[in-house]
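# Architecture and fold: a report
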Amino acid sequence: MEMESKKKKTIFSGVAPSGNIHIGNYLGAIKQWVKIQESGEFRTIFCVVDEHAITVPQDPEKLRAKIMEVAALYLAVGIDPEKSLIFIQSHVSEHAELGWILNTITPLGELQRMTQFKDKSQKQKSILAGLFNYPTLMAADILLYQTNLVPVGEDQLQHIELTRTLAKKFNAQFGETFVIPEPMINKTGARIMGLDNPENKMSKSAESPNNYIALLDSPETIRKKIKVAVTDSGSEIKYDREKKPAVSNLLTIYSLFAEKPIEEIEKEYEGKGYAEFKKDLAEVIIEGLSPLQAKYKEFENNPDAVMAILKKGAEKAKETASRTMSEVREKIGFV
Ligand code: AQP
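Residues numbered from 1 in each chain as written. Predicted model: local features only at pLDDT ≥ 70, side-chain atom pairs only at ≥ 80, totals over all residues. Heavy atoms only, no water.

### Concerning the overall build of the protein chain
Along its length, the protein chain carries 14 helices and 5 strands. Computed over the C-alpha atoms, the radius of gyration of the protein chain is 21 Å, within 12% of the 20 Å expected from 2.2 N^0.38 for a compact globule of 335 residues. Principal-axis analysis of the C-alpha atoms places the extent of the protein chain at approximately 70 × 45 × 40 Å. Considering only contacts within the protein chain whose residues lie at least 6 apart along the sequence, 75% involve residues at least 24 apart. Element-wise, carbon and sulfur atoms account for 52% of the exposed surface of the protein chain, whose accessible area totals about 16500 Å². In the protein chain, 45 side chains carry a positive charge and 47 a negative one; their mean positions are 1 Å apart. (Helix = DSSP H or I, 4+ residues; strand = E, 2+ residues; numbered from the N terminus. Rg over C-alpha atoms; globule rule 2.2 N^0.38 Å. Contact = heavy atoms within 4.5 Å. Areas by Shrake-Rupley, 256 points an atom, 1.4 Å probe, with all protein chains shown as cover. Lys, Arg positive; Asp, Glu negative; His and termini not counted. Charge placed at Lys NZ, Arg CZ, Asp CG, Glu CD.)

### Digging into the environment of Ser-326
Counting through the fold element by element, Ser-326 comes out in helix 14 (residues 303-332). Owing to a relative accessible area of 42%, Ser-326 belongs among the partly exposed residues under this scheme. When the C-alpha positions of Ser-326 and Glu-94 are compared, they lie 10.0 Å apart, and in sequence the two are 232 residues distant. (Buried < 20%, exposed > 50% of the residue type's maximum accessible area, 1.4 Å probe, protein only.)

### What about the site of the ligand?
Residues in close proximity to the ligand total 24 residues, the closest being Lys-120, Asp-155, Lys-201, Lys-204 and Ser-205. In the model, an oxygen atom of the ligand is placed 3.5 Å from a nitrogen or oxygen of the Ser-18 side chain. A distance of 2.5 Å separates an oxygen atom of the ligand from a polar atom in the side chain of Asp-155. Protein chains bury 96% of the 640 Å² of accessible surface belonging to the ligand in isolation. Those elements giving two or more residues to the shell around the ligand turn out to be strand 1 (9-15) and helix 2 (23-39). (Near = heavy atom within 4 Å. Polar contact = N/O pair within 3.5 Å; in protein donor to acceptor, adjacent residues only side chain to side chain.)

### Here we look at helix 2
Relative to the 24 Å expected for 17 residues at 1.5 Å per residue, helix 2 spans 23 Å between its end C-alpha atoms, a close match to the ideal helical length. Within helix 2, the axis deviates most sharply at Ala-29, by approximately 40°. Counted residue by residue, helix 2 has 13 buried out of 17 residues, so it is predominantly covered. Gly-40 lies just past helix 2 and shows a positive phi near 70°. (Expected span 1.5 Å × (residues − 1). Bend = angle between axes of the 7 residues up to and from the residue.)

### Considering empty space enclosed by the protein
Here the structure, examined in full by the defined rule, presents 2 cavities of 30 Å³ or more. Roughly 50 Å³ of internal volume is contained in the largest cavity. Lining the largest cavity are Gln-116, Phe-117, Lys-120, Leu-131, Tyr-134, Pro-135 and His-159. For the lining of the largest cavity, the secondary structure elements donating two or more residues are helix 7 (115-122) and helix 8 (129-144). Grouping the constituent residues of the lining of the largest cavity by class yields 4 nonpolar, 2 polar and 1 charged. Roughly 30 Å³ of internal volume is contained in the second largest cavity. Taken together, Gly-194, Leu-195, Pro-198, Ala-229, Val-230, Ala-246, Asn-249 and Leu-250 form the lining of the second largest cavity. Considering only residue class, the lining of the second largest cavity consists of 6 nonpolar, 2 polar and no charged. (1 Å grid on protein atoms, 1.4 Å probe; cavity = no way out; pocket = protein on both sides within 12 Å on 5 of 7 lines; lining within 4 Å. Points joined across faces, edges and corners; volume = space filled by probe spheres on them. Nonpolar A, V, L, I, M, F, W, Y, C, P; charged D, E, K, R; others polar.)

### Observations concerning the nonpolar core
Ranked by internal contacts, the top residues of the largest apolar core, which has 63 residues, are Tyr-74, Ile-253, Phe-257, Ile-285 and Leu-289. Counting residues per element, this core draws most heavily on helix 13 (residues 274-300), at 11 residues. For Leu-289, the residues in contact, after removing those within four places along its chain, are Ile-23, Ile-213, Ala-214, Leu-215, Ile-222 and Phe-257. Ranked by size, the runner-up nonpolar core spans 38 residues in total, among them Val-92, Ala-139, Leu-143 and Val-152. (Core = buried A, V, L, I, M, F, W, Y, C linked by side-chain atoms within 4.5 Å.)

### Details of the pattern of salt bridges
This model, assessed by the stated rule, comprises 17 salt bridges. A salt bridge links Glu-38 to Lys-83; the nearest nitrogen and oxygen atoms lie 3.0 Å apart. Placement of Glu-38 in helix 2 and of Lys-83 in the loop between helix 4 (60-77) and strand 3 (84-88) is noted, with a sequence separation of 45 residues between them. What makes Glu-38 partly exposed here is its relative accessible area of 44%. (Salt bridge = Lys/Arg side-chain N within 4 Å of Asp/Glu carboxyl O.)

### Considering the side chain of Thr-324
Along the polypeptide, Thr-324 turns up in helix 14. Given the relative accessible area of 3%, Thr-324 is considered buried. Setting aside its immediate chain neighbours within four residues, Thr-324 contacts Leu-143, Leu-144, Gln-146 and Phe-178.

### Side note on the side chain of Asn-211
Mapped onto the fold, Asn-211 is located in the loop between strand 5 (182-184) and helix 10 (219-227). Within the structure, the side chain of Asn-211 is placed 3.1 Å from the side chain of Asp-196, a separation counted as a polar contact. What Asn-211 contacts, discounting residues up to four positions off in sequence, is Gly-194, Leu-195, Asp-196, Lys-201, Met-202, Ser-203 and Ala-206.

Right, here's the structure in full:
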């Protein structure tokens, strides 16, 4: 088993326990994690990246609850602790340690270019150094496990590119240490747009909850949010990113939940209006989320079992992480 897993390529990904996990996170990233795990072809590692959540101020009690919520959601969507490593980032202190070391080889200019920092810092009254340094911590998360592939949404591409740059730089400066990871992006669903504004991505930190459908939204809330979702001028249900960005986004969501090609859905709704399409879309989402919501309840009612899984996961993760860190400390000249 150990021999076999050594030959497998490593997959690493994570979600920050900030705000409500939404269908953008699910369709862009988490849903494919389960497929990858089930293929049995990879060593799969999924982390609740709590140290990323505190790059903007968090209420400690709410953060604690969110961390457990995200972990239970991982399990509810089908991440199986028998097949994948699942753990909390802050339980493996090597993440912060490598993050610091990577900061010391990261040019300021590289971080200043990050579009996510530019977007997120605009929403903050006081911009914290941690928000600026977030991408180096993310690089550490990935590099600690000698990750080959990182399944993420499109918004994370720039951060993966930086991770590659830092890994190459470290290897060149101190000798071969890190595997150079590659992004793994879904063909559709890699960028689900906000329901209230199809110009921007659906986001956990959006001002209005009408921007997103949370994985734990009730059927009534889902119906309401889809009803008020922005549409485009005209009445045709047609996929056209340029001319009909809002309807194209809704079609993408429909297609991914119903597992039907977009053209087929367009045909079904020929001559029908937005109201009918939206009504059906809400039901498709409700149906798609209902199994994971039911499973979530089981885990929510059993936090001790979830914590036991996370602790075991952290112990296993630490085996690889500490091996990488020993090598890093030695290479950079620590005694
Ligand atoms: N709109 C999206 N469409 C597709 N994929 C998305 N992801 C995020 N938004 C979309 C992917 O979800 C994974 C986890 O995201 P994250 O927790 O790292 O945080 P984020 O990307 O910063 O998510 P948000 O929604 O914008 O939340 P805030 O504003 O709170 O940080 C990643 O793989 C991401 O690509």
